[in-house]
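Observations on the three-dimensional arrangement
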Amino acid sequence: MKTKHGVRLMAWALVVAMPMWFGSCKKGSDDTVTPTTSSVEGSWKISGYKIDPGVDFLGTGQKSNDVLAYFKSLPNGLGNDFVDCLTGTTIIFNASGKVTGTPALNAQPLPM
């Protein structure tokens, strides 16, 4: 039962995030970016998920830009597993261009 809520929560998070991803793209930029291998190489952990401008997630009139804090504030701890999984996962960018990672210790696979 708890997994069903987690999957539903993840689906809603993606639905909310997609317009933000597509809305952040700019067309017609002449700036060229030449990344180096050392710019992202190494082990990374997500420690926060901030958005700008802030959103009134709970309808209380107070805007927040911390998405992880919103998930943690969901009733009955519904968002805690999501936040723990997201912040506990390590993503590793290797010099060869290969991306690997290690899941959070309490991560559970999603049912298919």
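All of the points below concern the structure found in this document. Quick caveat, the model's predicted, so the values are computed rather than measured.

Observations concerning the overall build of the protein chain
- Counting secondary structure elements, the protein chain contains three helices and five strands.
- Each helix and strand of the protein chain, ordered N terminal to C terminal, gives the series α-β-β-β-α-α-β-β.
- Each of the 112 residues in the protein chain was classed as buried or not, and the buried ones make up 12%.
- Here the analysis covers contacts within the protein chain between residues at least 6 apart in sequence; of these, 39% occur between residues at least 24 apart.
- Only carbon and sulfur atoms are counted for the fraction: they give 61% of the accessible area of the protein chain, which is about 9000 Å².

So, the sheet that holds strand E4 (residues 90-93)
- With respect to topology, three strands assemble into an open sheet ordered E1-E4-E5, the strand pairing being antiparallel. Here the strands that pair on one side only, and so sit at the sheet edges, are strand E1 (42-45) and strand E5 (99-102). Adjacent strand axes in the sheet meet at a mean angle of 25°, parallel and antiparallel pairs treated alike.
- Bridge count for E4 against E5 is four bridges, and the pairing is antiparallel.

Things to note about unusual backbone geometry
- Going from Asp-52 to Pro-53, the amide bond is cis rather than trans, its omega being 10°.
- Relative to the helices and strands, Pro-53 resides in strand E2 (residues 50-55).

Some points on the side chain of Thr-90
- Residue placement: Thr-90 occurs in strand E4.
- A relative accessible area of 16% means that Thr-90 is categorised as buried.
- The contact partners of Thr-90, leaving out residues within four places of it in the chain, are Ser-43, Trp-44, Lys-45, Thr-100, Gly-101 and Thr-102.

Concerning the pattern of salt bridges
- One pass over the structure, following the stated rule, counts one salt bridge.
- Across the salt bridge formed by Lys-50 and Asp-66, the nearest N and O atoms sit 3.4 Å from each other. On the criterion of sequence distance, the pair formed by Lys-50 in strand E2 and Asp-66 in strand E3 (residues 64-66) is long-range, its members being 16 residues apart.
- Overall, Lys-50 belongs to the exposed group, its relative accessible area being 54%.

Let's talk about the packing of aromatic side chains
- In total, this model carries two aromatic pairs according to the counting rule given.
- Between Tyr-70 and Phe-71, the aromatic rings sit 5.5 Å apart at their centres with planes inclined by 50°, giving tilted as the arrangement.
- Assessed through its relative accessible area of 23%, Tyr-70 is described here as partly exposed.
- Taken together, a centroid distance of 4.7 Å and an interplanar angle of 65° make the contact between Phe-71 and Phe-82 edge-to-face. Of the two residues, Phe-71 sits in helix H2 (residues 67-72) while Phe-82 sits in helix H3 (residues 80-88), which places them 11 residues apart along the sequence.
- Among the aromatic residues, those joined into a ring-pair cluster are Tyr-70, Phe-71 and Phe-82.

Rules used in this analysis
Residues numbered from 1 in each chain as written. Predicted model: local features only at pLDDT ≥ 70, side-chain atom pairs only at ≥ 80, totals over all residues. Heavy atoms only, no water. Helix = DSSP H or I, 4+ residues; strand = E, 2+ residues; numbered from the N terminus. Buried < 20%, exposed > 50% of the residue type's maximum accessible area, 1.4 Å probe, protein only. Contact = heavy atoms within 4.5 Å. Areas by Shrake-Rupley, 256 points an atom, 1.4 Å probe, with all protein chains shown as cover. Pairing = 2+ DSSP bridges. Axes fitted to C-alpha atoms, helices over the stretch in contact; angles between N-to-C directions. Salt bridge = Lys/Arg side-chain N within 4 Å of Asp/Glu carboxyl O. Phe/Tyr/Trp six-rings, centres within 6.5 Å; stacked < 30°, edge-to-face > 60°.

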